[in-house]
Amino acid sequence: RMEYVARIHGKEFVNDAAARSINATWYTLENTEGSIIWIATSDNDRIDYSPLRSVALRKVRMLYCVGSDNRHLHESFKGIIPSIVDVDTIGSAVHQACYNSLERAKVIYSPASDDFLTTEQAGEVFRHEVNEL
């Protein structure tokens with residue numbers, strides 16, 4: 001868990017693809033120092049994100065929602081996370097996170113849910129996309 005991948009343009013990229021539950025993602029966000037750009041997957045509207053609201057309010061500055069239906073993440077974090085952006089792919093999230101205006105942030109891929117990829121596949125995609133920057 002919490003695999004350091006690279007530092008690019010002052011941002012640290014961390015692969016936490018194994019965080020497939022709310023508790024695992026809470027642990028990651030809570031134990032990360034500084035500002036966070038969070039990449040999450042979001043095709044499950046049955047997930048209760050409320051345990052993440054407090055830590056998100058304190059640490060997460062931007063959320064990239066990877067998936068085709070991101071309404072539930074938007075509803076859960078509206079007014080909590082200043083910027084919530086929909087993206088189609090992990091690669092798009094990585095690229096946008098790298099070139100946004102937040103400096104010295106940690107970009108963390110922590111899905112908080114099971115998605116269409118296995119943990120290994122998702123981590124491999126994230127690492128590949130970061131290394132292509």
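In short, a report on the structure. Predicted, not measured: the structure shown is a model, and the values here were computed from it.

What counts and what doesn't
Residues numbered from 1 in each chain as written. Predicted model: local features only at pLDDT ≥ 70, side-chain atom pairs only at ≥ 80, totals over all residues. Heavy atoms only, no water. Patch = residues over 30% accessible without salt bridge, like charges linked within 9 Å, V, L, I, M, F, W, Y side chains within 5 Å. Areas by Shrake-Rupley, 256 points an atom, 1.4 Å probe, with all protein chains shown as cover. Salt bridge = Lys/Arg side-chain N within 4 Å of Asp/Glu carboxyl O. Helix = DSSP H or I, 4+ residues; strand = E, 2+ residues; numbered from the N terminus. Pairing = 2+ DSSP bridges. Phe/Tyr/Trp six-rings, centres within 6.5 Å; stacked < 30°, edge-to-face > 60°. Buried < 20%, exposed > 50% of the residue type's maximum accessible area, 1.4 Å probe, protein only. Axes fitted to C-alpha atoms, helices over the stretch in contact; angles between N-to-C directions.

A few words on a nonpolar patch on the surface. Side chains of M2, W26 and Y27 sit close together on the surface and give an oily, nonpolar patch of about 290 Å² of accessible area. Of note, Y27 is situated in helix α1 (residues 22–30).

Before going further, it helps to examine the pairing of strand β1 (residues 3–8). One ladder, built from five bridges, connects β1 with strand β2 (residues 11–15); its direction is antiparallel. Note that in β2 the partner of E3 across the bridge is N15. Hairpin remark: β1 followed by β2, antiparallel, with two residues in the connecting loop; positive phi at H9, about 50°.

Our focus in this paragraph is the packing of aromatic side chains. Tallied over the full model, the rule gives three aromatic pairs. Here the aromatic rings of Y109 and F126 are separated by 5.5 Å at their centres, their planes lie at 20°, and the arrangement is stacked. Within this pair, whereas Y109 is found in strand β6 (residues 106–109), its partner F126 is found in helix α5 (residues 119–131), the two being separated by 17 residues in sequence. As far as the burial class goes, Y109 and F126 line up, both buried. Taken together, W38, Y49 and F77 form an aromatic cluster joined through their ring pairs.

Once that is clear, we can look at the pattern of salt bridges. Scanning the model with the defined rule gives four salt bridges in all. In this structure, E3 engages R127 in a salt bridge whose closest nitrogen and oxygen atoms are separated by 2.9 Å. Here R127 lies in helix α5 and E3 lies in strand β1, a separation of 124 residues in the sequence. Its relative accessible area of 31% is what places E3 among the partly exposed residues.

The sheet built from six strands is open, its strands ordered β1-β2-β6-β3-β4-β5 with mixed pairing. Each edge of the open sheet carries a strand with a single partner, namely β1 and β5 (83–87). Across the sheet, the axes of successive neighbouring strands diverge by a mean angle of 20°, strand direction being ignored. Here strand β3 (residues 36–41) pairs with strand β4 (residues 60–66) via six bridges, running parallel. Of the residues in β4, the one forming a bridge with A40 is C65.

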